[in-house]
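Coordinate inspection notes
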Amino acid sequence: MSGVGSLFGLLFGWGAYLLVTSRSPWRARTFIKRVEDFLHPQPLPLPRRWLLRHVPGDSRLLGIAQRQRRAGLPADPSAHLLSVVIWCASGLGLGSAVVVLMLIGGTVHQPAAALPLLVVCAASGWLLAERRLDRAGRRRQTRAAMELPTVAESLALAVGAGAALPHAIELLVRREQGVLVDDLAQVLADIRDGSNMDRALAGVAERLPLLSIGRFVDALRIALERGTPVVDVLHAQAADARSEARRLLLEKAGRREIAMMVPVVFFVLPAVVVVALFPGFRELTVLV
């Protein structure tokens with residue numbers, strides 16, 4: 001028991017150290033702090049440097065950064081790896097508490113017999129951390145696809161009124177909110193940093209890898225390159241986005257059709273059968 005207790009204490013202390021040294025997501029960074037970090041970059045904390053140094057291959061780090069951008073998070077693979085470690089430690093701590101209760105209750109007599117449970121709990125924490133990031137990315141992409149028709153129509157109205165495309169995007173960013181609007185705000189930030197319009201628009205398709213968003217961005221880039229009227233392109237893309245959103249809604253309703261049958265089959269139908277057959281069974285029991 002002393003060895004098991006020492007292991008639990010070591011894991012708890014390591015998890016507490018990671019929580020204390022990690023950057024708080026609720027603490028906002030000021031503009032001066034961002035400039036100071038750019039001019040004088042601070043080294044990463046020791047846990048993050050250790051994690052980055054021991055992750056095999058740069059392709060995995062690039063994949064994590066891409067998934068973070070899809071979820072609307074800063075591209076910082078060390079932060080995701082740290083969250084994975086915290087989730088694994090939490091799962092391991094929960095499993096350790098269960099093992100301790102089992103040892104106290106006498107269900108398990110050898111601590112080594114509970115090792116598979118600890119492994120399963122740690123792996124569950126890792127899977128939950130990965131699934132959490134992927135789910136955030138999918139939800140963000142779905143919201144962007146639903147916002148695309150409104151954004152395209154708003155840009156078409158602004159451009160049709162005589163505004164240039166960057167000015168139209170700036171007006172949209174000032175008045176509207178949403179996932180796609182935030183990405184268009186990043187387009188303006190990239191332009192102010194020295195990037196051209198074509199590259200800044202391509203970044204939207206990279207952060208939101210959807211077919212509808214890709215067509216929208218490609219149409220705008222081609223229109224700007226060839227000098228075709230942007231208003232007509234925006235109206236056509238808005239119509240296509242509406243049909244795509246309608247198709248996605250129908251697909252979602254089709255996937256939920258089976259789920260809608262569950263309460264009917266397991267709750268409504270048995271109640272109807274009982275109400276219909278109970279009087280007959282009651283009469284039969286009285287006659288017998």
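See the structure printed just above.
Quick summary incoming for the structure in this document. Here the structure is a predicted model, which means the values were calculated and not measured.

**As for the nonpolar core**
The biggest cluster of nonpolar side chains holds 31 residues, and the ones touching the most others in it are L155, F216 and L234. With 8 residues, helix α6 (residues 115-160) is the largest single contributor of residues to this core. Excluding anything up to four places from it in sequence, L155 contacts A168, I169, L172, L184, F216 and L234. Within the second largest apolar cluster, 5 residues are counted, among which are L92, V99, A114 and L118.

**A few points about the pattern of salt bridges**
Within the structure shown, the criterion is met by 11 salt bridges. Notably, a salt bridge pairs R215 with E244, separated by 3.9 Å at the nearest N-O pair. Of this pair, R215 sits in helix α10 (residues 211-226) while E244 sits in helix α11 (residues 230-287), placing them 29 residues apart in sequence. Owing to a relative accessible area of 32%, R215 belongs among the partly exposed residues under this scheme. A relative accessible area of 13% means that E244 is categorised as buried. Salt-bridge contacts for R247 lead to E251; the nearest nitrogen and oxygen are separated by 2.3 Å.

**Observations regarding helix α5 (residues 77-105)**
Counted at 1.5 Å a residue, the expected span for α5 with its 29 residues is 42 Å, and the 42 Å between its end C-alpha atoms agrees. Remark: G106 follows α5 within two positions and exhibits a positive phi of approximately 85 degrees.

**Examining a positive patch on the surface**
A contiguous patch of positive charge on the surface is contributed by R131, R135, R138, R139 and R143. Here R143 shows up in helix α6.

**Some details on the side chain of R67**
Looking at the secondary structure, you find R67 in helix α4 (residues 58-70). Here the side chain of R67 touches D134 through a polar contact of 3.0 Å, side chain to side chain.

**A short note on the packing of α6 against helix α7 (residues 165-175)**
Contact geometry of α6 with α7 gives a least axis separation of 9 Å together with a crossing angle of 125 degrees. Comparing their axes, α7 and α6 come out oblique. The element α6 and its partner α7 pack so that their crossing is right-handed. Taken together, the residues of α7 that come into contact with α6 (itself represented by V151, S154, L155, A158 and V159) are L165, A168, I169 and L172. Partitioned by chemical class, the residues of the contact of α6 with α7 number 8 nonpolar, 1 polar and no charged.

Definitions and cut-offs
- Here the residue index of a chain counts from 1 through its sequence in written order.
- Note on the predicted model: pLDDT of at least 70 is required for a residue's local features to be given, and 80 or more for side-chain atom pairs to be given and counted; whole-chain, interface and lining totals, by contrast, use all residues.
- Water and hydrogen atoms play no part in the side-chain values, which are based on all heavy atoms of the structure.
- To form a nonpolar core, buried Ala, Val, Leu, Ile, Met, Phe, Trp, Tyr and Cys residues must be joined to one another through side-chain atoms within 4.5 Å.
- Each residue gets one of three labels from its accessible area relative to the maximum for its type: buried under 20%, exposed over 50%, partly exposed in between, using a 1.4 Å probe on protein chains only.
- Secondary structure elements follow DSSP: runs of H or I of four or more residues count as helices, runs of E of two or more count as strands, with numbering from the N terminus.
- In this analysis, two residues are considered to be in contact whenever any of their non-hydrogen atoms come within 4.5 Å of each other.
- Salt bridge, as used here: a side-chain nitrogen of Lys or Arg that lies within 4 Å of a carboxyl oxygen of Asp or Glu.
- Expected span, for any helix, means 1.5 Å times one less than how many residues it has.
- Here, patches come from residues exposed beyond 30% relative accessible area and free of salt bridges, joined within 9 Å for like charges and within 5 Å for nonpolar side chains (Val, Leu, Ile, Met, Phe, Trp, Tyr).
- In these tables, accessible area is a Shrake-Rupley quantity obtained with a 1.4 Å probe, and a residue counts as shielded only by the protein chains included in the view.
- His residues and chain termini do not enter the charge count, which takes Lys and Arg as positive and Asp and Glu as negative.
- For charged residues, the charge sits on one atom: NZ in Lys, CZ in Arg, CG in Asp, CD in Glu.
- Whenever a nitrogen or oxygen atom comes within 3.5 Å of another N or O atom, the pair is scored as a polar contact, on the condition that within protein one atom can donate a hydrogen and the other can accept it, and that pairs from neighbouring residues in sequence are kept only if both atoms are in side chains.
- Interaxial angle, 0 to 180 degrees, is taken between N-to-C directions of lines fitted to C-alpha atoms, where a helix line uses only the stretch in contact.
- Here the word oblique covers every angle except those under 35 degrees (roughly parallel), over 145 (roughly antiparallel) and from 65 to 115 (roughly perpendicular).
- Left-handed is the label given to a crossing in which the near helix is rotated counterclockwise from the far helix by less than a right angle, and right-handed is the label when the rotation is clockwise.
- Polar here means any residue outside two lists: the nonpolar Ala, Val, Leu, Ile, Met, Phe, Trp, Tyr, Cys and Pro, and the charged Asp, Glu, Lys and Arg; Gly therefore counts as polar.

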